[in-house]
Amino acid sequence: MSLLRRPARLAGLVAGLVVLAVLVLHLIPSHDYLLLPDKAHPVAPLVRTQGGHTPTGPGGIYFVDVFERRANLLESLFPFIHSGATLIPANLIVPPGVSDNAQRRADLREMTVSQHVAAAVALRKLGYTVVAKPSGVVVDAVALGSHAVGKLQPTDVIDAVNGTKTPTIARLRAILARVRPGSTVALAITRGGDHKTVSIKTVPDPLERSRALVGFTPAQSADIRLPVKVQIDAGNVGGPSAGLAFALEVMQQLGPPIDRGYRIAATGQIELDGTVSAIGGVKQKTYGAREAKADVFLVPAGENAREAKRYAHGLRIIPVKSFPQALHALATLPPKR
């Protein structure tokens, strides 16, 4: 009898060790981040416009977001245990030298900026006069491997270089044109409500060795004055990718219905000139749009749209390059049955 029991005991021991290993791997953090889908959310409850109306009936505008969190070792080894998940190196989410909390604050500032820009773009399209005065150069992204890593963060506003004010990107480039590659520049920046100066060593432009680069992608910052009050509250959702959806919702509340009975999911960073720029997490956002049973999904044209189509599974993907193009695409949809 003991010989017959031995294989069963051995199998039980192996199973116990496997369970223990899974539990241990689940508790050990990895150096990766996990991107997970989240069901698309209706935008209407988040937006309040002065003189606007709350949309009723079928359809509606939806925004999509992505759950981002550090993966444990088990998830790092087997990311496919979560449907729609993508595993990426941590430094693509949180640059070296930047804490998780600092990156989170930067993401929330990006969301705030995107809300103001979205409202301005929509109101201009509706015929309102919107005042947008250049107020500096905003850091859109920091180049990995540059000396700016750990010193600059997305949404930092560059107020001056070496004591000379930089209200526009053109002015910033004109100042840097006088800087020798390899020398150090002093940048006066605004981060949230704080003002500070950071020193960064420049590097030569790979395409033009005589030109000095600091190591970030610039975007134009502006003081925006809206003619009507627009309030957008996205809670703890960060990042700029809901800009297109917010602009569509402002249009929806202040003008005729633009959804025409369709469930419209939308993603894309929107610029002051109405350009719709590329975003990340397209795979997860497509999953989220499908889960919300969206009829169509507006996505930045190019690689974003191509990636969305790979995961669409019947969901209609509409590539867009600008806000007017997005409105035209919705206006020319066939009548909803």
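Residues numbered from 1 in each chain as written. Predicted model: local features only at pLDDT ≥ 70, side-chain atom pairs only at ≥ 80, totals over all residues. Heavy atoms only, no water.

K.L.:
How would you summarise the environment of Q115 if you had to cite specific residues and measurements?
P.N.:
Inspection of the secondary structure assignment puts Q115 in helix 3 (residues 100–125). Look at Q115 and you get buried, because its relative accessible area is 12%. With sequence-adjacent residues up to four places away left out, Q115 is seen in contact with I232, A234 and F246. (Helix = DSSP H or I, 4+ residues; strand = E, 2+ residues; numbered from the N terminus. Buried < 20%, exposed > 50% of the residue type's maximum accessible area, 1.4 Å probe, protein only. Contact = heavy atoms within 4.5 Å.)

K.L.:
Residue-level account of unusual backbone geometry, with values.
P.N.:
Most peptide bonds take the trans form, and the phi angle of most residues other than glycine is negative. In this structure, N162 is a non-glycine residue whose phi angle is positive, near 50°. Looking at the element boundaries, N162 is found in the loop between strand 8 (157–161) and strand 9 (164–165). On the basis of relative accessible area, N162 is assigned to the partly exposed category, the value being 43%. Its identity as a non-glycine residue notwithstanding, H313 has a phi of 50°, on the positive side.

K.L.:
Tell me what's going on with the environment of A219, and back it up with residues and numbers.
P.N.:
Tracing the backbone through its elements, the reader meets A219 in strand 14 (residues 216–225). What makes A219 buried here is its relative accessible area of 16%. Once the C-alpha coordinates of A219 and V139 are considered, the two residues, 80 residues apart in sequence, prove to be 6.3 Å apart. Not counting residues up to four positions away in its chain, the partners in contact with A219 are G136, V137, V138, D140 and I169.

K.L.:
Describe the sheet that holds strand 19 (residues 296–300), naming the residues involved and giving the relevant values.
P.N.:
Strand order in this open sheet of five strands is 2-4-16-19-20, and the pairing throughout is mixed. What marks the edges here is a single partner per strand, and that holds for strand 2 (41–42) and strand 20 (316–320). Pairing analysis gives two bridges linking strand 2 to strand 4 (residues 60–63), with the strands arranged antiparallel. Bridge assignment links P42 to a residue of strand 4, and that residue is Y62. Its contacts with the sheet put helix 8 (residues 323–331) on strand 16 (263–266), strand 19 and strand 20, and the angle it makes with strand 20 is roughly 145°. (Pairing = 2+ DSSP bridges. Axes fitted to C-alpha atoms, helices over the stretch in contact; angles between N-to-C directions.)

K.L.:
Describe the pairing of strand 19, listing the residues and the values that go with them.
P.N.:
With five of five residues buried, strand 19 is to be regarded as a mostly interior element. Taken together, the five bridges between strand 19 and strand 20 define a ladder with parallel strand orientation. Residue pairing across strands places L298 opposite I318, the latter belonging to strand 20.

K.L.:
I'd like to hear about helix 3, residue by residue, with values.
P.N.:
Taking 1.5 Å as the rise per residue, helix 3 with 26 residues should run 38 Å; its terminal C-alpha atoms sit 37 Å apart, in good agreement. Note on helix 3: the residue one or two positions beyond its end, G127, has a positive phi of about 100°. (Expected span 1.5 Å × (residues − 1).)

K.L.:
Tell me about the nonpolar core, and please be specific about residues and values.
P.N.:
One finds L244, F246, L248, I264, L298 and F323 to be the most contacted residues of the largest nonpolar core, which totals 43 residues. If we ignore the near neighbours within four places in the chain, the residues touching L298 are L244, L248, I264, A265, A266, T267, I318, V320, A326 and L330. Judged by nonpolar contacts, the second largest core, of 21 residues, contains V139, I175, V185 and I200. (Core = buried A, V, L, I, M, F, W, Y, C linked by side-chain atoms within 4.5 Å.)

K.L.:
An account of the packing of helix 3 against helix 8 is requested, with residue identities and associated values reported.
P.N.:
The geometry of helix 3 relative to helix 8 is characterised by a closest axis approach of 11 Å and an angle of 65° between their N-to-C directions. Crossing hand, helix 3 versus helix 8: right-handed. Residue-level inspection shows V121, A122 and K125 of helix 3 in contact with helix 8, the latter providing F323, P324 and L327. (Left-handed = near helix turned anticlockwise from the far one by under 90°.)

K.L.:
Outline helix 5 (residues 243–254), listing residues and values.
P.N.:
For helix 5, which comprises 12 residues, the first-to-last C-alpha distance of 17 Å matches the rise-based estimate of 16 Å (1.5 Å per residue) to within 8%. Counting buried residues in helix 5 gives 12 out of 12 residues, a clear majority hidden from the surface. Along helix 5, the residues classified as buried are G243, L244, A245, F246, A247, L248, E249, V250, M251, Q252, Q253 and L254.

K.L.:
Can you explain the pattern of salt bridges? Please cite residues and give values.
P.N.:
All told, the structure shown has five salt bridges when counted by the stated rule. Across the pair R310 and E303 runs a salt bridge whose closest N-O atoms are separated by 3.6 Å. Look at E303 and you get partly exposed, because its relative accessible area is 41%. A network of salt bridges, in which partner residues are shared, links E303, R306 and R310. (Salt bridge = Lys/Arg side-chain N within 4 Å of Asp/Glu carboxyl O.)

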